[in-house]
Amino acid sequence: MTSSNSIRHSVRQQRQALDPGINSRHGEAVAARLARMLLFRKATRIGIYLSVKGELDTAPVIKLARTQGKLLYLPVLHPFLHGRLLFCRWDAGSRLVKNRFGIEEPECRSTTLLHPRSLDLVFVPLVAFDAERNRVGMGGGYYDRTFGYLKSFRQWQRPLLVGVAHQFQQVDNIEAADWDVPLDLVITESMLV
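The sections below set out a description of the structure shown in this document. Here the structure is a predicted model, which means the values were calculated and not measured.

What counts and how
Residues numbered from 1 in each chain as written. Predicted model: local features only at pLDDT ≥ 70, side-chain atom pairs only at ≥ 80, totals over all residues. Heavy atoms only, no water. Helix = DSSP H or I, 4+ residues; strand = E, 2+ residues; numbered from the N terminus. Rg over C-alpha atoms; globule rule 2.2 N^0.38 Å. Buried < 20%, exposed > 50% of the residue type's maximum accessible area, 1.4 Å probe, protein only. Contact = heavy atoms within 4.5 Å. Lys, Arg positive; Asp, Glu negative; His and termini not counted. Charge placed at Lys NZ, Arg CZ, Asp CG, Glu CD. Core = buried A, V, L, I, M, F, W, Y, C linked by side-chain atoms within 4.5 Å. Phe/Tyr/Trp six-rings, centres within 6.5 Å; stacked < 30°, edge-to-face > 60°.

It is worth spelling out the overall build of the protein at this point. Summing up its helical and strand segments, the protein has six helices and 11 strands in all. Expected size for 193 residues packed as a compact globule is a radius of gyration near 16 Å; at 16 Å, the protein falls within 12% of this value. Counting only C-alpha atoms and orienting by the principal axes, one finds that the protein spans roughly 45 × 35 × 35 Å. By residue count, 47% of the 193 residues in the protein fall in the buried class. A fraction of 70% describes how many contacts in the protein between residues 6 or more apart in sequence connect residues 24 or more apart. Put simply, the protein has 26 plus and 18 minus side-chain charges, and the middle of one group is 6 Å from the middle of the other.

With that settled, the discussion passes to the nonpolar core. For soluble globular proteins, the rule of thumb is that nonpolar side chains tend to be buried together. Formed by 44 residues in total, the largest nonpolar core has its most connected members in Leu34 and Phe123. Setting aside residues up to four positions removed in sequence, Phe123 forms contacts with Leu34, Phe40, Ile46, Gly47, Ile48, Tyr49, Val61, Tyr143, Val162 and Val164. Of all hydrophobic cores here, the second largest spans seven residues; its members include Ile7, Val11, Val127 and Ile174.

The next thing to look at is the packing of aromatic side chains. Under the defined criterion, the tally for this structure stands at four aromatic pairs. Residues Phe87 and Phe147 carry aromatic rings whose centres are separated by 6.1 Å and whose planes lie at 50° to one another, so their mutual orientation is tilted. Of this pair, Phe87 sits in strand E3 (residues 85-89) while Phe147 is found in the loop between helix H5 (142-146) and helix H6 (149-152), placing the two residues 60 residues apart along the sequence. The burial state of Phe87 is the same as that of Phe147; both residues are buried. Taking 6.3 Å as the distance between ring centres and 25° as the angle between the ring planes, the aromatic pair formed by Tyr143 and Phe147 counts as stacked.

Here it is in structure tokens:
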């Protein structure tokens, strides 16, 4: 079985080598698919991330969400609970600052913060995924810690966790650890998993 670290290394190289035009077209295809999906149309509060380093271009999804009047929230590092995330309201004019990992996040006030349980839908970044919707992330475990409650409380209906990725990011099998939180759905430019 291939280790998560070797999957992470291999797929990240493929992602970074991807032509930006193809990446943009893949993002458009995912947004077009989402526009037809009830789970997206019904969602009001959406957690999303800004794509970097060859991650599927989330800009078309962001544009679609704004056009439909959705409230968008970006992940921010939790100031007190190490390894966890909060989500901060992100409007078109919101100022972004880099966190300690160099990832842009909104400047937050208590009035713009939202607990993850209050989101309807969260787009989760991933490096690789399998047919069982297990994912390999960047290796920090932030999303797994933040949404770990979903494994214990399946009656909790939100948020739905959705991965968006290039089809080539699908691998045969990912050996999930006990703490890994599977996705509810993965959307690529060519299929739903």
